[in-house]
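Architecture at a glance
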Amino acid sequence: MATDILMPALSPTMKTGTLARWLKKEGDKVLSGDLLAEIETDKATMEFEAVDEGILGRILVPEGTADIPVNTPIAILVEEGEAVPEAPASVPSGEKEGGGASADKASVAAAPTSSSKESKGSGTKEERIFISPLARRLAKEHGLDIASLKGTGPNGRILKRDIEAGLKAASGQKEESTSGESVAEQAGSIERVPHSTMRKVIARRLTESKTQVPHFYVSVDIELDALLALRSKLNASLVDEGVKISVNDMMIRAVALALKKRPGLNVQFTETEMLHFSDVDIAMAVSIPDGLITPIIRKADQKTLRQISAEARDLAIRARKGKLKPEEFQGGTFSISNMGMFGVKDFAAIINPPQAAILAIAAGEKRPVIRDGEVRAATMMTATLSVDHRAIDGALGAQWLNMLRDLVQNPYSLVI
Amino acid sequence: MSNLFDLIVIGGGPGGYVAALRASQLGMNVALVEDAQLGGVCLNWGCIPTKALLRSAEVYQSLYKLKEYGLSAENPSFDLPSVVKRSRDIAARMGRGVAHLLKKAKVKTVEGRAQLAGRSGDVHTVSVLKGGQETTRLQAPHVILATGARARQLPGLETDGKLVWGAREAMTPDMLPKRLLVIGSGAIGVEFASFYRDMGCEVTIAEVADRILVAEDAEISMQARKAFEKRGIVIHTSAKVGSLQKGDDHVSTILETPKGTVELTVDRVICAVGITGNVENLGLEQTRAQVERGHIIVDEFCRTDEPGLYAIGDVAGAPWLAHKASHEGVLCVEKISGRSPEPLHPRNIPGCTYSHPQIASVGLTEEKAKEAGYRIKVGKFPFLANGKAVALGETEGMTKTIFDAETGELLGAHMIGAEVTEMIQGYVIVRTGELTEAELSETVFPHPTISETMHESVLAAFEGALHI
Ligand SMILES: Cc1cc2nc3c(=O)[nH]c(=O)nc-3n(C[C@H](O)[C@H](O)[C@H](O)COP(=O)(O)OP(=O)(O)OC[C@H]3O[C@@H](n4cnc5c(N)ncnc54)[C@H](O)[C@@H]3O)c2cc1C
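On a predicted model such as this, the values are computed, not experimentally measured, just so you know.

Focus: the overall build of chain A
A count of helical and extended segments in chain A gives 11 helices and 18 strands. Counting over 416 residues, chain A shows a buried share of 46%. Carbon and sulfur atoms make up 54% of the accessible area of chain A, which amounts to about 21100 Å² in all.

Here you go:
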């Protein structure tokens, strides 16, 4: 019997994905476990394995199609010798009745996570979108992607008014972009690059963060010489093992210890309550060709420098290849963004919700400092903490940062 | 004990006492000031006692239909004082219930008349008076006014407590008038007309609008009129009541109607021509709160223009319904406590009239939906085609639904007939949850129930009802 192959939910938060590449052609034999396609999600490219065996009868979604809602049929698998159906079996019934439009087109373009049927189909715990039936229908009629909407109903449920607001915003954007077009015609030199999934996610999340999370910032200058000296000694003793500890590794360890000592920053704010985490899971921002990703060192406070170093290196390498598993970059209780390698003096980072704080680390550089009434040179680094003021008050942020400075300036506790 | 509270509620009706209970639940230290009886108009002089009376009338009327059911009884009769006593006892019992709930919630209840006595900084002072003398002063950063409303008095038609009754006299009659004129055909007027007719009075309704129950859908209003007329109630619409000539024990007047003038002599008149808010002597003058046509102006979270001062329920304007008052009480308190409650949407507030037949509705009437520019689909289903209604002997009635043809949104639902006041909530949930005709069609309604008409009416609006 012909079965539909549905767009998989490759991570708990995945709502849509881009079909980057088909790894099988129509007519190819498929064994369970064969790689069918590469799917690009908001954060990574993942391989999609076949579960059932058969012949890839029909590809419904061409390579390069973006924003395919999870559970949309993307291909039809048939048994040997079986006739290949034109259309997937799992088109929501409303669309079938619609008749006119070609069915497979509907299944690709329309169907923004429609009707209960699809959610029943997937066994994964994908993030459920709360939306009223009326709003869902309106969104579908207007081709609005509900994943991009913010609900104002109870528990963020999307209501009719949110669709109306979304449509208004969309028509506003359209006007802008048409006026933009005329500029483009005059200038004749604008290249239009459609957003990648990741770009859209970054845009949405950071806008949400900067507009909805009240940020405040505290900075300190930290003297790095002791830490650098310790690092040289450690690396000299580990040279035979091929281990090389970086300043970044040591900062991850220092931040983890500081969070353990003062857990007030290891929290998240929700509308009704504060979440206090016992684990310290540090997310580190890694830039990758199309944006950035934040792989996570779990329980960093319980790991040695050597473990942190190995893990950070492995995660960064795989992050740049787009090969991280979802659980390796989702979650995290605190983030570090290190731009030291770019030689910047200081910067402030945007909080990565639902986390409540992020530490921005700038470059270490020789600066004149006054010690015991005398000017001398020291390697100084400015660290700026961005904090969600709903969760964490100013004094706590400042105290925590001072503690971090003490840990870095007296670095032996990082190794014992 | 300190007189400083987190919240002071003025008025212990369904608006005020529910606000106090919710506030206590949210951890606030609350004081509630009530001048008369806890439970307000609703429990003591409104919703509950009238429903008790209407129940007596309903049971009494059914005695005359016993033959239809194969039963018989000799000489059905009633004892008016006992009927009234039952109603008063029920009201008293419910009132004690409220007192108990407030006590359990540790709400400090204070007897007396409350008046705002100024604000310094964030703190309002409320003065409590008894017999014109101040007995205590309370302070709180938040004060909710839930002082309710009273019957509107029209010049020439003022109630006098003897020949011209207001709702209070009408629900505690010392005699059964043989002939009764009810002025006004809103829910209250129609309920009294229905009660007294069932008890055997000759009842005339005079309504100034061109139909009775003018807030209801025109078709429902028409069906209600027919049903009342069938039971012998005389109804004059577009009627103007002339001056009331009071005799010893009767009242004469002249009704001007489009069909000519009608001379009328009755034993009693019930005047139910609307409601006006209790906004006087509250000390509002020294605040920024605004009063317009008898009610306090508030925003969607019941806030007045005066910081820390709120108004809920009847005193804050229409619709004058107990459930609206309570709901506002809850959302107002939740807003004060920093939550983000959903404001009340007028189109999602049901309205019920407990006459015989009952009438219940939510949302837009057909007329209003068209006026608002919707392309609509209308479905109707008569009780006559419903098995349960037939089995009950209650075939008079209809369920009507109005949908937006484009989106399937339920714009309005209107019901008339037995038990409709118990059923309308189904459609209210549809509106609040933004369900569409699709979910309604998919819903399994139990058989046999009158609620099946709610299903069939939806089917009728789209692909056709099944049982007609
Ligand atoms: C005959 C009749 C039948 C009704 N039937 C229904 C029905 O079936 N369903 C329905 O939903 N609604 C019905 N209503 C309307 C309903 O009773 C009101 O909508 C409801 O009571 C409003 O509640 P509230 O809390 O705003 O005010 P109220 O119930 O009026 O309570 C206000 C309270 O505040 C007190 N008060 C006023 N001023 C002060 C002051 N300065 N200091 C201290 N205390 C003060 C009063 O004594 C009163 O107890 C009916 C009304 C009437 C008259």
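Continuing now.
Quick word on the overall build of chain B
Helix and strand content of chain B: 14 helices and 26 strands. Among the 468 residues that make up chain B, the fraction classed as buried is 51%. Within chain B, counting contacts between residues at least 6 apart in sequence, those at least 24 apart form 62% of the total. Approximately 21500 Å² of chain B is accessible, and the part contributed by carbon and sulfur atoms is 52%.

A word on the packing of aromatic side chains
Enumeration over the complete set of coordinates arrives at 6 aromatic pairs over all chains. Between phenylalanine 334 of chain A and tryptophan 400 of chain A the ring centres are 5.4 Å apart and the planes differ by 40 degrees, which places this aromatic pair in the tilted class. On the criterion of sequence distance, the pair formed by phenylalanine 334 of chain A in strand β16 (residues 334–338) and tryptophan 400 of chain A in helix α11 (residues 394–409) is long-range, its members being 66 residues apart. By relative accessible area, which is 0% here, phenylalanine 334 of chain A ends up buried. Judged by its relative accessible area of 0%, tryptophan 400 of chain A is buried. With centroids separated by 4.9 Å and ring planes inclined at 80 degrees, the aromatic side chains of phenylalanine 195 of chain B and tyrosine 196 of chain B adopt a geometry described as edge-to-face. The pair formed by phenylalanine 195 of chain B and tyrosine 196 of chain B is uniform in burial state, with each residue classed as buried. Through pairs of rings, three or more aromatic residues link up here, namely Tyr60, Tyr64 and Phe78 of chain B.

Points about the pattern of salt bridges
All names here are of chain B. Counted according to the given criterion, the structure contains 48 salt bridges over all chains. The residue arginine 231 makes a salt bridge to aspartate 198 at a minimum N-O spacing of 2.6 Å. Taken as a pair, arginine 231 in the loop between α7 (218–230) and β12 (234–236) and aspartate 198 in helix α6 (residues 187–198) lie far apart in primary sequence, 33 residues in all. Here aspartate 198 falls in the buried class, since its relative accessible area comes to 5%.

Some details on a nonpolar patch on the surface
On the surface, a cluster of nonpolar side chains totalling about 340 Å² of accessible area is made up of Tyr412, Val415 and Ile416 of chain A. You can see valine 415 of chain A is positioned in the segment after α11.

With respect to helix α4 (residues 80–104) of chain B
For α4 of chain B, built from 25 residues, the straight-helix expectation of 36 Å at 1.5 Å per residue is met to within 8% by its first-to-last C-alpha distance of 36 Å. Considered for burial, the residues of α4 of chain B that qualify are Leu80, Val83, Val84, Ser87, Arg88, Ala91, Gly95, Val98 and Leu102 of chain B.

Let's talk about the interface of chain A and chain B
The interface is formed by 12 residues belonging to chain A together with 15 residues belonging to chain B. Between chain A and chain B lies a buried interface of about 1000 Å² when both sides are counted; carbon and sulfur atoms form 44% of it. Broken down residue by residue, the surface that chain A buries against chain B is led by Pro133, Leu134 and Arg137 of chain A, which jointly contribute 52%. Scanning the region where chain A abuts chain B turns up 3 salt bridges. Put simply, glutamate 342 of chain B and arginine 161 of chain A hold a salt bridge, and the shortest N to O gap is 2.7 Å. Run the count over chain A and chain B and you get 9 residue pairs in polar contact (both at pLDDT 80 or more). Looking at the side of chain A that touches chain B, the elements with two or more residues in it are α4 (133–141) and α5 (160–187) of chain A. Broken down by element, the residue count for the side of chain A that touches chain B peaks at 6 residues, all from α4 of chain A. Residue classes in the side of chain A that touches chain B are distributed as 5 nonpolar, 2 polar and 5 charged.

As for the confidence of the model for chain B
Detailed conclusions should not be drawn from predicted coordinates in areas where pLDDT is low. A residue-level look at chain B finds 100% of positions with pLDDT of 70 or above and a mean pLDDT of 96. We note a pTM of 0.64 for the whole complex and an ipTM of 0.80 for its interfaces.

Overview of the sheet that holds β12 of chain B
Residues and elements named next belong to chain B. Taken together, 5 strands build an open sheet; the order of strands is β9-β17-β10-β11-β12 and the sheet is parallel. Taken across any chain shown, the strands that pair with only one partner, and hence form the sheet edges, are β9 (164–165) and β12. Summarising the sheet, strand β11 (residues 202–206) and β12 pair through 3 bridges and their orientation is parallel. Looking at the pairing, threonine 204 lines up with valine 234 of β12. Relative to the sheet, α6 contacts β9, β10 (179–183), β11 and β17 (268–271), its axis offset from that of β11 by approximately 165 degrees.

With respect to α6 of chain B
Residues and elements named next belong to chain B. Given a rise of 1.5 Å per residue, 12 residues ought to cover 16 Å, and the 16 Å separating the end C-alpha atoms of α6 matches this to within 8%. Counting buried residues in α6 gives 9 out of 12 residues, a clear majority hidden from the surface. For α6, every residue scored as buried is listed here: Gly189, Val190, Glu191, Phe192, Ala193, Ser194, Phe195, Tyr196 and Asp198. One or two positions beyond α6, positive phi appears at glycine 200, with a value near 110 degrees.

Here we look at the site of the ligand
All names here are of chain B. Near the ligand lie 39 residues; those nearest to it are Gly15, Glu34, Lys51, Asp314 and Ala322. Between an oxygen atom of the ligand and a main-chain N or O atom of cysteine 42, the distance comes to 3.2 Å. When the free accessible area of the ligand is taken as 990 Å², the share hidden by the protein chains comes to 92%. When contributions to the shell around the ligand are tallied by element, the ones reaching two or more residues are β2 (30–34), α2 (40–45), α3 (47–63), β4 (113–120) and α8 (322–336). Looking at the shell around the ligand element by element, the count peaks at 4 residues for α2.

With respect to the nonpolar core
The biggest cluster of nonpolar side chains holds 61 residues, and the ones touching the most others in it are Phe334, Leu359, Trp400 and Leu404 of chain A. The element that contributes the greatest number of residues to this core is helix α8 (residues 247–261) of chain A, accounting for 9 residues. The residues contacting leucine 359 of chain A, other than those within four sequence positions of it, are Val255, Phe334, Ser335, Ile336, Ser337, Ala383, Thr384, Leu385, Trp400, Leu401 and Leu404 of chain A. Residues Ala193, Tyr196, Met199 and Ile212 of chain B belong to the second largest nonpolar core, which totals 31 residues.

Observations concerning the sheet that holds strand β3 (residues 29–30) of chain A
Residues and elements named next belong to chain A. Read across the sheet, 4 strands follow the order β1-β8-β6-β3 without closing on themselves; strand pairing throughout is antiparallel. A single partner strand is all that each edge strand has here, and the edge strands are β1 (3–6) and β3. Relative to strand β8 (residues 73–78), β1 is paired through 4 bridges, and the arrangement is antiparallel. What sits directly across from leucine 6, in β8, is proline 73.

Brief notes about the environment of alanine 87 of chain A
Looking at the element boundaries, alanine 87 of chain A is found in the loop between β8 and α1 (93–98). Overall, alanine 87 of chain A belongs to the partly exposed group, its relative accessible area being 25%.

Conventions adopted
- Residues numbered from 1 in each chain as written.
- Chains lettered and ligands numbered in written order.
- Predicted model: local features only at pLDDT ≥ 70, side-chain atom pairs only at ≥ 80, totals over all residues.
- Heavy atoms only, no water.
- Helix = DSSP H or I, 4+ residues; strand = E, 2+ residues; numbered from the N terminus.
- Buried < 20%, exposed > 50% of the residue type's maximum accessible area, 1.4 Å probe, protein only.
- Areas by Shrake-Rupley, 256 points an atom, 1.4 Å probe, with all protein chains shown as cover.
- Contact = heavy atoms within 4.5 Å.
- Phe/Tyr/Trp six-rings, centres within 6.5 Å; stacked < 30°, edge-to-face > 60°.
- Salt bridge = Lys/Arg side-chain N within 4 Å of Asp/Glu carboxyl O.
- Patch = residues over 30% accessible without salt bridge, like charges linked within 9 Å, V, L, I, M, F, W, Y side chains within 5 Å.
- Expected span 1.5 Å × (residues − 1).
- Buried area = accessible area lost by both parts, 1.4 Å probe.
- Polar contact = N/O pair within 3.5 Å; in protein donor to acceptor, adjacent residues only side chain to side chain.
- Nonpolar A, V, L, I, M, F, W, Y, C, P; charged D, E, K, R; others polar.
- pLDDT = per-residue confidence, 0-100.
- Pairing = 2+ DSSP bridges.
- Axes fitted to C-alpha atoms, helices over the stretch in contact; angles between N-to-C directions.
- Near = heavy atom within 4 Å.
- Core = buried A, V, L, I, M, F, W, Y, C linked by side-chain atoms within 4.5 Å.

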